[in-house]
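Below are the chains, spelled out letter by letter.
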Amino acid sequence: MTKPAPVLSDGTRTLLMQLADTLDRVQPSAAMNEAIRLARPLVLAERLHGPTEAAFAAEQDLLAVMPLVRDGQTRGEYATQLRLIAQGVTQ
């Protein structure tokens, strides 16, 4: 059984696109890794909301829709995947 795609809020879509832009702008051909996947959502959420409960909630929403990093995946490839998720094309 396939789980249904999560409903993305406008805020989560915005953060996904910001993260994708950052990954494309800074070393897009470098390897993507799990540490980046786990750290960047908090940075972006706190830029948007400050160090608040809203930032924590935004971080958790973002992490919930971000896929795991595949072996050999570049930052640019991961950015493309995030854009597709933000557009509702894929999970």
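It should be emphasised that the depicted structure is a prediction, and the values quoted were computed from it without experimental measurement.

(A) Up close: the environment of A55. By secondary structure assignment, the location of A55 is in helix α3 (residues 53-65). On the basis of relative accessible area, A55 is assigned to the buried category, the value being 0%. Counting along the chain gives 19 residues from A55 to T74, while the straight-line C-alpha distance between them is 27 Å. Residues within four places of A55 in sequence aside, it is in contact with A45, E46, H49 and G50.

(B) Main features of the side chain of R75. Note on placement: R75 falls in helix α4 (residues 75-86). Polar contacts involving the side chain of R75 include one to the main-chain carbonyl oxygen of V26, which spans 2.8 Å. Leaving out residues up to four positions away in the same chain, R75 has contacts with T22, L23, V26, Q27, P28, A30, A31, M32 and I36.

(C) Here's a closer look at the pattern of salt bridges. A complete count under the given rule lists 3 salt bridges for this structure. D21 is paired through a salt bridge with R83; the nearest N and O atoms lie 2.7 Å apart. On the criterion of sequence distance, the pair formed by D21 in helix α1 (residues 10-25) and R83 in helix α4 is long-range, its members being 62 residues apart. Note that E34 and R37 form a salt bridge whose closest N and O atoms lie 2.7 Å from each other. On the criterion of helical spacing, the pair formed by E34 and R37 is a turn pair, its members being 3 residues apart in helix α2 (residues 34-49). The class of E34 is partly exposed, set by a relative accessible area of 31%. A relative accessible area of 8% places R37 in the buried class. Where salt bridges share partners, they join D21, D24 and R83 into one cluster.

Criteria and cut-off values
- Each residue is numbered by its place in its chain's sequence as written, counting from 1.
- Given that the model is predicted, a residue must reach a pLDDT of at least 70 before its local features are reported, and side-chain atom pairs must reach 80 or more before they are shown or counted; all residues, however, enter totals for whole chains, interfaces and linings.
- The basis for every side-chain value is the complete set of heavy atoms in the structure, and neither hydrogens nor water enter the calculation.
- Secondary structure follows DSSP: runs of H or I at least 4 residues long count as helices, runs of E at least 2 residues long count as strands, and numbering of each begins at the N terminus.
- Between buried and exposed lies partly exposed: a residue is buried under 20% and exposed over 50% of the maximum accessible area for its type, with that area taken using a 1.4 Å probe on protein chains only.
- By definition, residues are in contact when any of their heavy atoms lie within 4.5 Å.
- For this analysis, a polar contact is any N or O atom pair within 3.5 Å, provided that within protein one partner can donate a hydrogen and the other can accept it, and provided that sequence-adjacent residues contribute only side-chain to side-chain pairs.
- The term salt bridge refers to a side-chain nitrogen of Lys or Arg lying within 4 Å of a carboxyl oxygen of Asp or Glu.

By themselves, these figures tell us nothing about what the structure is for.
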